[in-house]
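# A closer look at the structure
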Amino acid sequence: MRKILIPLLILMMVAFVFYERFGNKEAAFRNNSSRLRAQACLKNPNIDIAVIGPEEESDRVKIGIEMAVLEANNNRNPDGSTGPKILLSHDSMTTKKIQCHYYTYNSKEEALELSRRISRQYEFSAVIGHYVSDISYPAALNYHQAGLMYICPFSTSTRITSHRWPNIIRMLPSVKAIMSAILKNISFLFDQKQDTIRLAVFNTATIYGEDALTALHNYIAESKRLVNILNTADKMINEGRLSRDIFVHDWLSIDWQSEEPTLEEIDASDKLFITKQLIDFGFGSPGIRSEDMDIDHLQKVGHTLFSENLTVASAIEYLRKLTSNIEVVHSVQYRRGTVDFGPYLRLLSQSHADIILILDYMNETSAELLSELRESGNTKPIIGDDGLEFPDLIKQILGDMAGDIYIVSSYDDKEHGTYLTHKFEELSKYFTDQQIKNFHPHYLTYQGYRSASLFAQAVAESHSSDPSILASRIKYSGDQGWLGQSGNQLQFDSHGDLMYPEFLLKKYTNGKFELIK
């Protein structure tokens, strides 16, 4: 038997290696591209990165990237040289400087053709850019197959990172996290003024709009389930069948099955669901994602995550504050280029919506929607994410009719804007008079700066320009993370997604968005 088994195992191993090398053509192509790119980057006298974006907004992003690159290239090393150090061999050090190559496009087709062209240039270590998810996602596939590192500054779609492509880094929170933040802030805005908040939703027929709408309905469904469980727990406390003072980690223990008659109304799956909700709401350990945990992990968290001061009663109170009964009473999906929203707005007026949610970024179509909403006499509050953070355009479009417009954003105008202004002043001698005259800190500038700064830090710390090494260094940086703007930390998970996102609620006031929470 042994004589047969050993040769059989050897044959299976040879077959597996042969398949991986020659049978899986896509993997073979990708591995070959990664090898050729690593060799080309090693020989390259510079560290080349491609920066790509739509022509109309490229200058704002470019300035942020230029600041980060200038900062890195003029950083003095211990040996007196400037620029990031690259380890070429075990006994040789040399200094290379980061060099940017800028590309702009005016259409999705042009953007994807550029991504294919860039992918064929093996001297590039990374690509930074693309704006919307409809372009970022297919472009990411091109870069993945070419062994390029892609730092995606603007897309929120988890489709880009869900495949765990090794060289993809996404700089914004996921659409799921953004929708959760928006809906929690809707609850904050209304703050127990009414039992049910009626929501009208306008979403664009794009990857972002579809993903955001799915996340919205999932959140509402989870909220309803959570309310039912909390109501059951409240009832059990009032009837004396559940102690108010019992520790939450005992109440929610996955091991503690509902065999006792006093707890039969809250079964194990409900306990698991509440544990996930508490984790995702950030209680005890902000940034942990329940979706990345298996049941065994959740079981351990259910025992240890919550402090002994958190009783069943206080957990119910905490979760109830973050949960509202939100009902979608009007929903419209529109396509780019829509020029008449009249029929939708007439139906909107009959829905008695309390607040309007726009799931789109600022463009000609969303600008038309905003304009028609206010011109039709609709004064209901409008809320969106940082895709609407273009106060100059809102002022130009709506003027005094703007009314209550809110956004949930990760960009702090005062903190990050002041930081970028000081950084620009330090480096202003490198910019032209026209760039100095036109510089105004902006969300796009912020994302460009932090993306290029992250790349430069990875180069300096990994002593390499190999995309695979750089991406691994960024993803597996440990608890310390990467130093971001104003001292805040950036950390990424194994998918390449940003961890521990922070959200700010801002209101459009006097031509700008001001922080209100």
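Residues numbered from 1 in each chain as written. Predicted model: local features only at pLDDT ≥ 70, side-chain atom pairs only at ≥ 80, totals over all residues. Heavy atoms only, no water.

### Side note on the packing of aromatic side chains
Applying the stated criterion to the full structure yields 11 aromatic pairs. The interplanar angle of 55 degrees and the centroid separation of 4.5 Å between the aromatic rings of Tyr131 and Phe154 together place this pair among those described as tilted. With a gap of 23 residues between them, Tyr131 in the loop between strand E5 (124-129) and helix H5 (133-145) and Phe154 in the loop between strand E6 (149-152) and strand E7 (168-170) connect regions that are remote in the sequence. Between Tyr419 and Tyr449, the ring centres sit 6.0 Å apart and the planes meet at 70 degrees, which makes this aromatic pair edge-to-face. Placement of the pair is Tyr419 in helix H15 (residues 415-427) and Tyr449 in helix H17 (residues 443-462), with a sequence separation of 30 residues. An aromatic cluster is present here, built from Tyr131, Phe154 and Tyr443 joined pairwise through their rings. (Phe/Tyr/Trp six-rings, centres within 6.5 Å; stacked < 30°, edge-to-face > 60°. Helix = DSSP H or I, 4+ residues; strand = E, 2+ residues; numbered from the N terminus.)

### Considering the pairing of strand E11 (residues 382-385)
Every second residue of E11 is oriented toward a common face, with Ile382 and Gly384 on one face and Ile383 and Asp385 on the other, all of them buried. Two elements, strand E10 (residues 355-359) and E11, share two bridges in a ladder whose sense is parallel. Across the sheet, residue Ile356 finds its bridge partner in E11, namely Ile382. The parallel pair E10 and E11 is bridged by helix H13 (residues 364-375), and the resulting crossover is right-handed. Note that E11 and strand E12 (residues 405-409) share four bridges and pair parallel. Directly across from Gly384, in E12, lies its bridge partner Ile407. Tracing the backbone out of E11, into helix H14 (residues 391-398) and back to the parallel element E12 gives a crossover that is right-handed. (Buried < 20%, exposed > 50% of the residue type's maximum accessible area, 1.4 Å probe, protein only. Pairing = 2+ DSSP bridges. Right-handed = clockwise from strand over helix to strand, strands pointing away.)

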